[in-house]
Amino acid sequence: MLNAVVPVPRRATGVEDALKGKVICGECGSRYERILDNRVGEKWRCKNPECSTTVKITDALLTEQVTDLMNYAYRKRQQSST
Ligand SMILES: [Zn+2]
């Protein structure tokens, strides 16, 4: 039996791929970069050194919110096309 906890190598998630370079800072409009923090999980930080806004959001939560947003946009489009 396996007793040791084997660290699973973190592969790029779908979210990361989909959102890389697309997450924009609400403060200054610069791009966010994704940082992996072993303690708090995923973080996004503004690339603009004068701004450096940091958002702590997990991939799971980010996916959820993006999915919600896309569903919302989809429903909007459905409504306006009928
Ligand atoms: Zn910024």
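In this text the structure is predicted, and so the values were computed from the model without any measurement.

Student: Residues and numbers for the sheet that holds strand β2 (residues 41-46), please.
Tutor: Read from one edge of the open sheet, 3 strands run β1-β2-β3, paired in antiparallel fashion. Two strands close off the open sheet at either side, each with one partner strand: β1 (32-37) and β3 (54-56). Adjacent strand axes in the sheet meet at a mean angle of 25° when their direction is disregarded. Here β1 runs beside β2; their pairing, made up of 6 bridges, is antiparallel.

Student: Account for the coordination of the zinc ion, with residues named and values stated.
Tutor: Looking at the zinc ion, the protein donor atoms are Cys-25 (SG), Cys-28 (SG), Cys-46 (SG) and Cys-51 (SG), and they sit 2.2 to 2.4 Å from it. Geometry at the zinc ion is tetrahedral, judged from its 4 donor atoms and the angles of 96 to 116° they form at the metal. Read in sequence order, the donor residues for the zinc ion give the motif C-x2-C-x17-C-x4-C. On the criterion of sequence distance, the pair formed by Cys-25 in the loop between α1 (14-19) and β1 and Cys-46 in strand β2 is long-range, its members being 21 residues apart. Of the residues examined, Cys-46 reaches a relative accessible area of 2% and is grouped as buried.

Calculation criteria
Residues numbered from 1 in each chain as written. Predicted model: local features only at pLDDT ≥ 70, side-chain atom pairs only at ≥ 80, totals over all residues. Heavy atoms only, no water. Pairing = 2+ DSSP bridges. Helix = DSSP H or I, 4+ residues; strand = E, 2+ residues; numbered from the N terminus. Axes fitted to C-alpha atoms, helices over the stretch in contact; angles between N-to-C directions. Donors = N, O, S within 2.8 Å, 3.2 Å for Na, K, Ca; no water. Tetrahedral: all angles 85-135°; square planar, octahedral: opposite > 155°, others 65-115°. Buried < 20%, exposed > 50% of the residue type's maximum accessible area, 1.4 Å probe, protein only.

These results come straight from atomic positions and should not be treated as a statement about function.
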